[in-house]
Amino acid sequence: MPRITTLAEAVSAHIHDGDTVAMEGFTHLIPHAAGHEIIRQQRKNLTLIRMTPDLIYDQMIGMGCAKKVVFSWGGNPGVGSLYRFRDAVEKAWPAPLEIEEHSHAAMANAYEAGAAGLPLAVFRGYIGADLPKVNPNIKFIQCPFTGETLAAVPAHRPDVAVIHAQKADRQGNVLIDGIAGVQKEVVLASKRSIVTVEEIVDDLKPGSFNAVVLPAWTVTAIAEVPGGAYPSYAQGYYARDNAFYKKWDEIARERDTFLAWMKANVLDQGPEIFAAHTRPLRVAAE
Amino acid sequence: MPRITTLAEAVSAHIHDGDTVAMEGFTHLIPHAAGHEIIRQQRKNLTLIRMTPDLIYDQMIGMGCAKKVVFSWGGNPGVGSLYRFRDAVEKAWPAPLEIEEHSHAAMANAYEAGAAGLPLAVFRGYIGADLPKVNPNIKFIQCPFTGETLAAVPAHRPDVAVIHAQKADRQGNVLIDGIAGVQKEVVLASKRSIVTVEEIVDDLKPGSFNAVVLPAWTVTAIAEVPGGAYPSYAQGYYARDNAFYKKWDEIARERDTFLAWMKANVLDQGPEIFAAHTRPLRVAAE
Amino acid sequence: MADAYTSNEMMTIAAARAMRNEDVCFVGIGMPSAASNLARLTHAPDITLIYESGTIATKPDVLPLSIGDSELCETALTTVSVPEMFRYWLQGGRITVGFLGGAQIDKFANLNTTVIGPYDKPKVRLPGGGGAPEIATSCGEIFIIMAQGKRSFVDKLDFITSLGHGEGGDHRARLGLKTKGPTKLVTDLCIFQPDPVTREMIVTSIHPGVTREKIQENTGWPVRFADKVAETPTPTAKELETLRALHARTAAAHGKAA
Amino acid sequence: MADAYTSNEMMTIAAARAMRNEDVCFVGIGMPSAASNLARLTHAPDITLIYESGTIATKPDVLPLSIGDSELCETALTTVSVPEMFRYWLQGGRITVGFLGGAQIDKFANLNTTVIGPYDKPKVRLPGGGGAPEIATSCGEIFIIMAQGKRSFVDKLDFITSLGHGEGGDHRARLGLKTKGPTKLVTDLCIFQPDPVTREMIVTSIHPGVTREKIQENTGWPVRFADKVAETPTPTAKELETLRALHARTAAAHGKAA
């Protein structure tokens, strides 16, 4: 059974310096509040895995939490660059950043393989592409039946998965509805997992027998953090703040504006500020 | 877009002698009406793939439709033997039956790989088991990252998939709710597909964003056959007739009782008789 | 003292007792399903039952006849596809206990559910392995429930459908397995557990009223007994009552649909 | 005649026209999303749009800023997991048209969205390939939309993120591919299509008012023109109106959330 606790306690107990951490959410349900808590607790030397290291990893990288990023697309979706990520890769600020780069297909398959307890993922990929030349973790195998050459990457097996979801019940079962990304896979692939949720309820009330549910015994810790995905969104709770994603482009472009924003909005705050983002939309939904 | 048609026309147009046919349904939603139609149209030399060749394949084998069965568990669930299947394997009646035998894990992975467009499925399986000694389609590969030996089987790529589902809309999108088995995979893995449904509706009304839906353009033909899964069941429509599964044990034990039952209930009938099985339960549900 | 009980009831109850509240069990149809649900309805209310049809954390009120009765889906926390069940849940190493049975077992708890006689010319064609080959190797440990008899407890299997302790000793480890394999074999006469070194299944508990001779008569290899053999406690009134009520509800439900 | 229009509008409209009612499209964010939805709102009402976030057959009323806005999920037929999207739908060969763009393209329509400069010491670190490496090889054919310029239309890529026609000729076939690769490159100036033999992208249609010289000035390799070069029809009033309304709805929706 997962421990239902505070976000601060969950991060403190389960994420350690040097851990391999995968914070997932494919545009939807990105665990921003958890990212801020990791920054406040000053975790260092993390290997960060994520298909799309967008604002959340830009912030963590800029604040010096990461030594390595494993990823497939590092940008601000629909807007442009991740300036903190680029500053680390191009100019080693605030510290050098090692990268391991894959395609989306490889990353998705690597999570799937991790959830499936396999050491590798096999897929048809990287044909004619240059990434295999620069990433030694991309290999090729031959199909023993057809002779076809297929790509292989190691399964992702993070120390900790961090995701945000709509609901947990009091037993600790977690429900995800809408764009589910690789969230189920990353939790099942990881040794430990922290799930922040919009609310803890008596009954998950999934709308279908086949709803995306993580049983309680697959989750390590749960914290209720309303609005915890902001500026990403939680289907049924609040919308994506597309305007903030555009605003991030200005905030993150220079080191000093970035640091000032982080101090005011992260270091000097707590997870409770996320609730503010849910309010207008919650009212609208009621 | 799939053609919405009659079951007789769908079978006549899309299933040919000698085809590899996979009729799936993991206990739930087994396409019995379609099986009967194939028997009435006297298809021959079929290679039949199915994880659990229960009553539906017992009937088709006993009526001489099959030359080969690819399977992982051939019994009457919770009851005992499939006497027609055994008679074919043990005594070549009504014809010799070739078998290719796998485990459930291998079959499920082979469908998954077929749906994924891969030539093979890789999984951790068959360790210390004898099946690899008698099935040349079970091979082993080495993980290039860990050196671990893993099992490999060819992907299933049937000519035709046949499944039963709860609903289709008028555009031909298909909804499955409840135990979904490998039904989505078998349709996606096959060149053609026939789906019988309980009803054709204006709006599928899936209960969740993540409902199990086959888009219209993945399906070849759809036929409305209320009760078409009987004596299996359709979640939300009618219950499994467990008593009939027990009764089948008597019917199928001897060749003559089997043939008499098939004449009375299949050869001399049409798909419309399946509707009778839904009636009492439909009323109860209303 | 409890009422009179059958040896079948003793077997089911002894198997149920082996299950813990925190277990995640991969349940097969028949005796394993009865034992698991008996455990859930008695000492292990929070036990997680998973059926290979994809139903996770089911709490059926009646026993399913098949592995995928609607009762399982309706009472489940969620239902996943069968490929997902075998990949994420079984192969993913999330199951603590798997249940198996078979037509034949040997002294290292290897099982045969495939054929009697040669594979290519079988005397009896059995249903086959189903999920067993991977259940046997992927679950944390395996409980086996089988009624004893000389035709089923054999010196040599006609076919190894699923691995037990192989040829004994460290055979599983040599095959790269980290799971325990069969840790309990519950029969209508007694309970076997593997010898810590040789991994031969040895009798550690005998059901009330059963003699060592009777066990040997019903076993096709020379049976070894542990240094200290316990007597299996007789079924309690609550165990018997719960099991019988479960069977009665099941019979009523399955008959009804006729 | 239609109103005045921008070269960007011409590019989007020319790309939209290439899409057919029966296509199943894997859509990326930005111009591809605008073009695909314009096609859906004009001549291809039944076109199936799939976004890599897992949303199948979406019909968004406003353009998503990200690949996974709620609008996509709410208007989709169903939403699948990202591993399923890449395995069953993309790799499964179910997509007829994939859209790609990039920071750099060469004459064989290979694309770079990874780095400018050496990979280990990049001058500019770009976002990376995302889905592109497998979109480029798994979709039936590829449409590319990119504004032309000497810095983006280059003689030699710094990095091949996704394969176009490789080194030209039968290179794709030699790599075992059966898909067509880039069949159309739509720019703000013209439309390129591959030469049937060499697979070099050659100009087959020039947008109204654009000269051959202007195309060459904005291309880093010697441009080849087809024997018969068409003039791209100007945007119709309906095309322009529909595209502008779509952008206006989008701007209003994205601003609103601030």
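Residues numbered from 1 in each chain as written. Chains lettered and ligands numbered in written order. Predicted model: local features only at pLDDT ≥ 70, side-chain atom pairs only at ≥ 80, totals over all residues. Heavy atoms only, no water.

1. Focus on the relation of the copies chain A and chain B
Here the two chain copies are tied together by a rotation about an axis and a shift along that axis.
Moving on, step 1. Note on the copies: chain A fits chain B at an RMSD of 0.0 Å, the axial shift is 0.0 Å, and the rotation between them is 180°. Taken together, the rotation angle and the small translation identify this as a two-fold axis. When C-alpha distances to the rotation axis are compared across chain A, the minimum falls at G207 of chain A, with a value of 2.3 Å.
Moving on, step 2. Most of the interface of chain A is mirrored in chain B: 100% of its interface residues are interface residues there too. (Least-squares fit on C-alpha atoms with pLDDT ≥ 70 in both. Contact = heavy atoms within 4.5 Å.)

2. Topic: helix α9 (residues 255-267) of chain A
Residue and element names in this part refer to chain A.
Moving on, step 1. Its 13 residues give α9 an end-to-end C-alpha distance of only 16 Å, which falls more than 12% under 18 Å, the value for a rise of 1.5 Å per residue.
Moving on, step 2. Considered for burial, the residues of α9 that qualify are F258, W261, M262 and V266. End-on view of α9: buried residues confined to an arc of 105°, all on one side of the axis.
Moving on, step 3. Those residues of α9 that are buried are in contact with α2 (32-40), α3 (55-62), α4 (83-91) and α8 (242-253). (Helix = DSSP H or I, 4+ residues; strand = E, 2+ residues; numbered from the N terminus. Expected span 1.5 Å × (residues − 1). Buried < 20%, exposed > 50% of the residue type's maximum accessible area, 1.4 Å probe, protein only. Arc of directions from axis to C-beta.)

3. Digging into the interface of chain D and chain A
Moving on, step 1. At the junction of the two partners, chain D supplies 43 residues and chain A supplies 47 residues.
Moving on, step 2. When the two sides are added together, the surface that chain D and chain A hide from each other amounts to roughly 3,700 Å², 62% of it contributed by carbon and sulfur.
Moving on, step 3. Summed over the three residues of chain D that lose the most area to chain A, namely L65, R125 and P127 of chain D, the buried surface amounts to 18% of that side.
Moving on, step 4. Seen at the junction of chain D and chain A, the total is 2 salt bridges.
Moving on, step 5. Of the charged contacts, one joins E101 of chain A and R125 of chain D as a salt bridge, the two residues approaching to 2.6 Å between their closest N and O atoms.
Moving on, step 6. Summed over the shared surface of chain D and chain A, the number is 16 residue pairs in polar contact (both at pLDDT 80 or more).
Moving on, step 7. The set of elements that each furnish at least two residues to the side of chain D that touches chain A consists of α3 (70-74), α4 (82-91), β9 (124-125), α5 (132-138) and α8 (237-256) of chain D.
Moving on, step 8. Ranked by the residues each element gives to the side of chain D that touches chain A, the list is headed by α4 of chain D, at 5 residues.
Moving on, step 9. When its residues are assigned to classes, the side of chain D that touches chain A shows 19 nonpolar, 17 polar and 7 charged. (Buried area = accessible area lost by both parts, 1.4 Å probe. Salt bridge = Lys/Arg side-chain N within 4 Å of Asp/Glu carboxyl O. Polar contact = N/O pair within 3.5 Å; in protein donor to acceptor, adjacent residues only side chain to side chain. Nonpolar A, V, L, I, M, F, W, Y, C, P; charged D, E, K, R; others polar.)

4. A short note on the packing of aromatic side chains
Moving on, step 1. In the structure shown here, the tally under the stated rule is 28 aromatic pairs over all chains.
Moving on, step 2. Summarising the aromatic geometry, the rings of F71 of chain A and F85 of chain A are spaced 5.3 Å apart at their centres and angled 80° between planes, so their arrangement reads as edge-to-face. On the criterion of sequence distance, the pair formed by F71 of chain A in strand β4 (residues 66-71) and F85 of chain A in helix α4 is long-range, its members being 14 residues apart. F85 of chain A shares its class with F71 of chain A; the two are buried.
Moving on, step 3. With 5.8 Å between their ring centres and 80° between their planes, F99 of chain C and F143 of chain C make a pair best called edge-to-face. Of this pair, F99 of chain C sits in strand β5 (residues 97-100) while F143 of chain C sits in strand β10 (residues 141-145), and the two are 44 residues apart along the sequence. Exposure class is identical for F99 of chain C and F143 of chain C. Each is buried.
Moving on, step 4. Members of the aromatic cluster, connected to one another through ring pairs, are Y230, F244, W248, F258 and W261 of chain A. (Phe/Tyr/Trp six-rings, centres within 6.5 Å; stacked < 30°, edge-to-face > 60°.)

5. As for the interface of chain A and chain B
Moving on, step 1. Across the contact, 29 residues belong to chain A and 29 residues belong to chain B.
Moving on, step 2. Of the roughly 2,400 Å² buried where chain A meets chain B, counting both sides, 69% is carbon and sulfur surface.
Moving on, step 3. For the chain A face of the interface with chain B, the top three residues by lost area are P119, F145 and N210 of chain A, together amounting to 26%.
Moving on, step 4. Run the count over chain A and chain B and you get 0 salt bridges.
Moving on, step 5. Sorting the residues of the side of chain A that touches chain B by element identifies β6 (120-123), β7 (139-142) and β8 (149-154) of chain A as the ones contributing at least two each.
Moving on, step 6. Ranked by residue count, the leading element in the side of chain A that touches chain B is β8 of chain A, at 4 residues.

6. Considering the pattern of salt bridges
Residue and element names in this part refer to chain B.
Moving on, step 1. According to the stated counting rule, one finds 54 salt bridges over all chains in the structure shown.
Moving on, step 2. Ionic pairing is found between R255 and D87, a salt bridge with its closest N-O pair at 2.6 Å. Of the two residues, R255 is situated in helix α9 (residues 255-267) and D87 in helix α4 (residues 83-91); the sequence distance between them amounts to 168 residues.
Moving on, step 3. Given a relative accessible area of 8%, D87 falls into the buried group.

7. Examining empty space enclosed by the protein
Moving on, step 1. What the rule picks out here adds up to 4 cavities of 30 Å³ or more.
Moving on, step 2. Approximately 640 Å³ is the volume attributed to the largest cavity.
Moving on, step 3. Surrounding the largest cavity, 31 residues form its lining, K184 of chain B, S81 and E84 of chain C together with S81 and E84 of chain D being those nearest its centre.
Moving on, step 4. For the lining of the largest cavity, the secondary structure elements donating two or more residues are α7 (183-189) of chain A, α7 (183-189) of chain B, α4 (82-91) of chain C together with α4 of chain D.
Moving on, step 5. Here the residues of the lining of the largest cavity sort into 12 nonpolar, 9 polar and 10 charged.
Moving on, step 6. When its volume is computed, the second largest cavity comes out at roughly 130 Å³.
Moving on, step 7. What lines the second largest cavity is a set of 15 residues, and nearest its centre among them are V122 of chain A, L118 and V122 of chain B, R87 of chain C together with R87 of chain D.
Moving on, step 8. Elements supplying a minimum of two residues to the lining of the second largest cavity: α5 (104-115) and β6 of chain A together with α5 (104-115) and β6 (120-123) of chain B.
Moving on, step 9. Of the residues that constitute the lining of the second largest cavity, the class distribution is 10 nonpolar, 1 polar and 4 charged. (1 Å grid on protein atoms, 1.4 Å probe; cavity = no way out; pocket = protein on both sides within 12 Å on 5 of 7 lines; lining within 4 Å. Points joined across faces, edges and corners; volume = space filled by probe spheres on them.)

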